[in-house]
Amino acid sequence: MELQAYIDGKWYPKSEAKVSIFDHGLLYGDGVFEGIRSYNSLVFKLQEHLERLYESAHTIMLEIPLTREEMAKAVIRTLQINRLSNAYVRLVVTRGVGDLGLDPKKCKRATVIIITDKIILYPDELYRNGLEIITVPTVRNLPEALNPSLKSLNYLNNIMAKIEAGIAGYQEAIMLNFQGYVAECTGDNIFAMRQGTLVTPPTYLGALKGITRGAIIELARKLKVPFEERILTRHDLFNAEEVFLTGTAAEVIPVVKIDGRKIGEGAPGKSTLKLMRAFHALTKTDGVRYKLGD
Ligand code: PMP
């Protein structure tokens, strides 16, 4: 069966799931989105994802025409219709259909889209041996211009960085903020073990408040791994004992080389492996369960 996508209250086969060319999500990247995972019929941290989505919408003064409860139901229904127990869910809310001008007031109703699909992850080998990444020249958006904590449809900043990573032959890249401090990666947050303390940059330096990032902070506290949110420079990363990235699609992935410098022993570190295991356990319990039926 062809995948069924939700658009404004109805489900359409993938090949027929279309939106207007006048939708401001397409014309201006005016909208917000979420990437969510389901594991064994459990939508991982669904409430946290919905909270971030509604907060992002509030900041851009976009009224979502569904309550959070209705949105949660629509997400689950979409997974059920597609009979997916392990999936990636893309939730998109655009400003809706308007005219060719910028004015969002011309858009009478937001467009709500839910797409589910099988997940694309890094190959297993990279989780065992670690990822090599680089720093790219494109800096992360200035928070006062377009706050990276707002998960908007404007992803060109990250796409530019992803292009630069690709040209150099890498899959992921570190983005610095306008001051030269480490912000995050193009689609993942970054953590380092530095002198026994787990460190990640505060989001006000220019990072998304990742749901996986939040889960790792929660697990570090539980496992009594010393943790701090503080400024990180490239020098700090090069000389860290361990580095890893976090994201809904990537989960927790070790980093073993940055800009040609070996990190720690050049293999996934002990704390990283411990947090990876704890994260996998959390994906089995922390979320909203659903049934697929017969
Ligand atoms: N940073 C950016 C720029 C992202 O796009 C993502 C993926 N949504 C993340 C970090 C990781 O966030 P999360 O753990 O919520 O997927």
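Because the structure is predicted, anything quoted here is derived from the model rather than measured. Here the residue index of a chain counts from 1 through its sequence in written order. Where totals are concerned, whole chains, interfaces and linings use all residues; where local detail is concerned, this predicted model gives features only for residues with pLDDT of at least 70, and gives and counts side-chain atom pairs only at 80 or more. Remark: hydrogens and water are excluded; side-chain values derive from all non-hydrogen atoms of the structure.

### Focus on the pairing of strand 11 (residues 197–200)
Note the threshold: Only protein chains enter the accessibility calculation, which uses a 1.4 Å probe; a residue whose area is less than 20% of its type maximum is buried, one above 50% is exposed, and one in between is partly exposed. Helix and strand assignments follow DSSP, with helices taken as H or I runs no shorter than four residues and strands as E runs no shorter than two, numbered in order from the N terminus. In this description, strands pair whenever DSSP reports at least two bridges between them.
Neither face of strand 11 is left uncovered, since the one carrying T197 and V199 and the one carrying L198 and T200 both have all their residues buried. Judged from the three bridges that link them, strand 10 (residues 189–194) and strand 11 form a sheet pairing that is antiparallel. Bridge pairing in strand 11 links M193 to L198. Between the antiparallel neighbours strand 10 and strand 11 lie two residues, among them Q195 with a positive phi of about 50 degrees. Relative to strand 12 (residues 227–229), strand 11 is paired through three bridges, and the arrangement is parallel. Bridge pairing in strand 12 links L198 to F227.

### Brief notes about the packing of helix 2 (residues 46–59) against helix 3 (residues 68–81)
Counted only if it meets this: Here the axes come from fitting lines to C-alpha atoms, over the contacting stretch only for helices, and the angles between their N-to-C directions go from 0 to 180 degrees. An angle below 35 degrees is read as roughly parallel, one above 145 as roughly antiparallel, one from 65 to 115 as roughly perpendicular, and any other as oblique. By the definition used in this description, the sense in which the near helix is turned from the far one sets the handedness, with an anticlockwise turn below a right angle giving left-handed and a clockwise turn giving right-handed. Note on contacts: a residue pair qualifies if any of its non-hydrogen atoms lie within 4.5 Å across the two residues. Throughout this entry, Asp, Glu, Lys and Arg are counted as charged residues, while Ala, Val, Leu, Ile, Met, Phe, Trp, Tyr, Cys and Pro are counted as nonpolar. The remaining residues, Gly among them, count as polar.
Following both chains from N to C, one finds helix 2 and helix 3 inclined at 125 degrees, their axes separated by 11 Å at the closest point. Classed by the angle they form, the pair helix 2 and helix 3 counts as oblique. Classified by chirality, the crossing of helix 3 by helix 2 is right-handed. Across from L46, L50, E51, L53 and Y54 in helix 2, the residues of helix 3 making contact are R68, M71, A72, V75 and I76. Its residues assigned to classes, the contact of helix 2 with helix 3 comprises eight nonpolar, no polar and two charged.

### Some points on the layout of surface pockets
Definition in use: A 1.4 Å probe that fits but cannot get out identifies a cavity on a 1 Å grid over protein atoms alone, an open set with protein on both sides within 12 Å along at least five of seven lines counts as a pocket, and a residue lines either if it has an atom within 4 Å of a point. Grid points are joined across faces, edges and corners, and a volume is the space filled by probe spheres set on the points. The split into domains, and so the bounds of each, comes from an automatic or database assignment of domains.
Estimates place the volume of the largest pocket at around 1,200 Å³. For the largest pocket, the lining is made up of 48 residues, of which F33, Y88, R90, G187 and A249 are closest to its centre. Where the lining of the largest pocket is concerned, the elements lending two or more residues are strand 1 (4–7), strand 3 (31–38), strand 5 (87–94), strand 6 (111–117), helix 5 (156–168), strand 9 (182–185), helix 6 (211–222) and strand 13 (242–247). A per-element tally of the lining of the largest pocket places strand 6 first, with four residues. A per-class count over the lining of the largest pocket returns 23 nonpolar, 13 polar and twelve charged. Counting residues domain by domain, the lining of the largest pocket receives three or more from each of domain 1 (4–117) and domain 2 (124–282). Space inside the second largest pocket adds up to approximately 410 Å³. If you go around the second largest pocket, you meet 18 residues; those closest to its centre are E51, R52, E55, K209 and I211.

All we've got here are geometric facts, nothing functional implied.
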